[in-house]
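Listed below are the residues making up each chain.
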Amino acid sequence: GGGCLLHRYIHRPCLQVLEAMLVGAVTAAVGFVMIYSSQDCQPLQGNRVTYPLQLFCADGEYNSMATAFFNTPEKSVVSLFHDPPGTYNPMTLGMFTLVYFFLACWTYGLTVSAGVFIPSLLIGAAWGRLFGISLSYITSGWIWADPGKYALMGAAAQLGGIVRMTLSLTVIMMEATGNVTYGFPIMLVLMTAKIVGDYFVEGLYDMHIQLQSVPFLHWEAPVTSHSLTAREVMSTPVTCLRRVEKVGTIVDILSDTSSNHNGFPVVESVPDGSQTSALRGLILRSQLIVLLKHKVRSLLAPCGCPGRALSAGVAQPGWLRITANFLPGTGGSKSEPHPRPSVKCRTSCLCWIREPLGGRGKESLVGTVPRAPLVPSSRQVFVER
């Protein structure tokens, strides 16, 4: 709605408060004008209206437009469901539906604790009751059903078309009415609203996700992606890393804005003398940053089976312990040993990078490296200066 679009451009808290005050003032002014111009005055005697309002009506009468506007939305929905025939004038319902719909579109998305659930029920109940009254006028006064039943179906159709819910909304509507008799027609109405709505446009919540730029992966790929190939969406030349790579090269790649990718393929030259390279795995940007930050010189790739002996250590069942030295020139030497970080890898999970604490045999966790880039076909991935 309009509030969603405004929310993209209004970020300052003071402007958001002024926006909410403006919408509230306009809503009150429009409601007052609608009540003043309405001539739908109903007698109080014999009506079950909880909070009748006499505004601009004679004694012993109440204003239907004022009752619809100034009651809480929940009370107005209940009134449209249960009030007897003749309680509302068709002109009153038509004007109320039109004005309330545009006000709800404007209000949705404001920086206030408000939603679209109850307003949708109220709008649907209003035009549903209007449809039932109009149907009786078309058939020369023949009442097909109580107007409250049409209000119930209209509320279900309006809300189902906006939020695109079917089974859960059917249960909610049945719980609200306390009657399982209307379960089947409500289900038909909700299915029709969803099918028709999906044919034209996405649901309101999906549109709101796009307006807020929230990364959301749908169940099905877009129709335009069926004819695309990987070559058309990938950038060239491909930024690759070798199994043995210099730190300077890695830092340059991570700092280059033109190669601001989340992952980089790890390749190895084919020994047949050709210029082609074989893919050995994929390493993420976050994993490279962790390795460089904690100065891990080398990582041994998982061997794929627990209990296999490696040159850097002996694997225990379910675990693989590998020690790694600091990079040359960054602290520590052979004559003055420096506490070395250790890398523990679970065979099917993560690698924990730990540092020793004060010679007591304890270690502190300083980072994690997912095991995804270390493929079983690799034996060792080095980071050298």
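Only a predicted model underlies this, so the values are computations on that prediction, with no experimental measurement involved. (Residues numbered from 1 in each chain as written. Predicted model: local features only at pLDDT ≥ 70, side-chain atom pairs only at ≥ 80, totals over all residues. Heavy atoms only, no water.)

A.B. asks: Tell me about the confidence of the model for the protein, and please be specific about residues and values.
C.D. replies: Looking at the protein, the pLDDT average stands at 75 and 71% of residues meet or exceed 70. Low pLDDT, under 50, characterises residues 299-338; the stretch is placed with 79 contacts to residues that sit more than four places away or in other chains. Across residues 371-385 the pLDDT falls below 50, and counting only partners more than four positions away or on other chains, this stretch makes 60 contacts in the model. (pLDDT = per-residue confidence, 0-100. Contact = heavy atoms within 4.5 Å.)

A.B. asks: Before we move on, could you go through the packing of helix H12 (residues 247-255) against helix H13 (residues 285-293) and cite the residues and values that matter?
C.D. replies: The geometry of H12 relative to H13 is characterised by a closest axis approach of 11 Å and an angle of 135° between their N-to-C directions. Here H12 lies oblique to H13, going by the angle between them. As for the relative orientation of H12 and H13, their crossing is left-handed in sense. Contacts from Val247, Ile250, Val251, Ile253 and Leu254 in H12 reach Arg285, Leu288, Ile289 and Leu292 in H13. Considered class by class, the residues forming the contact of H12 with H13 number eight nonpolar, no polar and one charged. (Axes fitted to C-alpha atoms, helices over the stretch in contact; angles between N-to-C directions. Helix = DSSP H or I, 4+ residues; strand = E, 2+ residues; numbered from the N terminus. Parallel < 35°, antiparallel > 145°, perpendicular 65-115°, else oblique. Left-handed = near helix turned anticlockwise from the far one by under 90°. Nonpolar A, V, L, I, M, F, W, Y, C, P; charged D, E, K, R; others polar.)

A.B. asks: Give me the pattern of salt bridges: which residues, what numbers.
C.D. replies: Per the counting criterion, the structure on display carries five salt bridges. Note that Lys194 is salt-bridged to Asp198, the shortest N-O span being 3.2 Å. Of this pair, Lys194 and Asp198 both sit in helix H9 (residues 183-200), four residues apart, which is roughly one turn of that helix. Glu268 is paired through a salt bridge with Arg243; the nearest N and O atoms lie 3.1 Å apart. Taken together, the residues span a long stretch of sequence, with Glu268 in strand S5 (residues 263-269) and Arg243 in the loop between strand S3 (241-242) and strand S4 (244-246) at a distance of 25 residues. Salt bridges sharing common partners tie together Arg164, Lys194 and Asp198. (Salt bridge = Lys/Arg side-chain N within 4 Å of Asp/Glu carboxyl O.)

A.B. asks: Which residues make up the sheet that holds strand S6 (residues 277-284), and what values do they have?
C.D. replies: Strand order in the open sheet made by the three strands is S3-S5-S6, with mixed pairing throughout. Two strands bound the open sheet, and with one partner strand each, they are S3 and S6. Pairing geometry for S5 and S6, over seven bridges, is antiparallel. If you follow Val267 over to S6, its bridge partner there is Leu279. Set on the sheet, H13 makes contact with S3, S5 and S6; between it and S6 the angle comes to about 75°. (Pairing = 2+ DSSP bridges.)

A.B. asks: Lay out helix H4 (residues 73-82) in plain terms, naming residues and giving numbers.
C.D. replies: Every buried residue of H4 is listed here: Ser76, Val77, Ser79, Leu80 and Phe81. Those residues of H4 that are buried lie in contact with helix H3 (64-70), helix H5 (90-107), helix H6 (117-138) and helix H7 (147-163). (Buried < 20%, exposed > 50% of the residue type's maximum accessible area, 1.4 Å probe, protein only.)

A.B. asks: Describe the pairing of S5, and please don't skip the residues or the numbers.
C.D. replies: Pairing of S3 with S5, which is carried by two bridges, proceeds in the parallel orientation. From the neighbouring strand, Leu241 faces S5, where its bridge partner is Val266.

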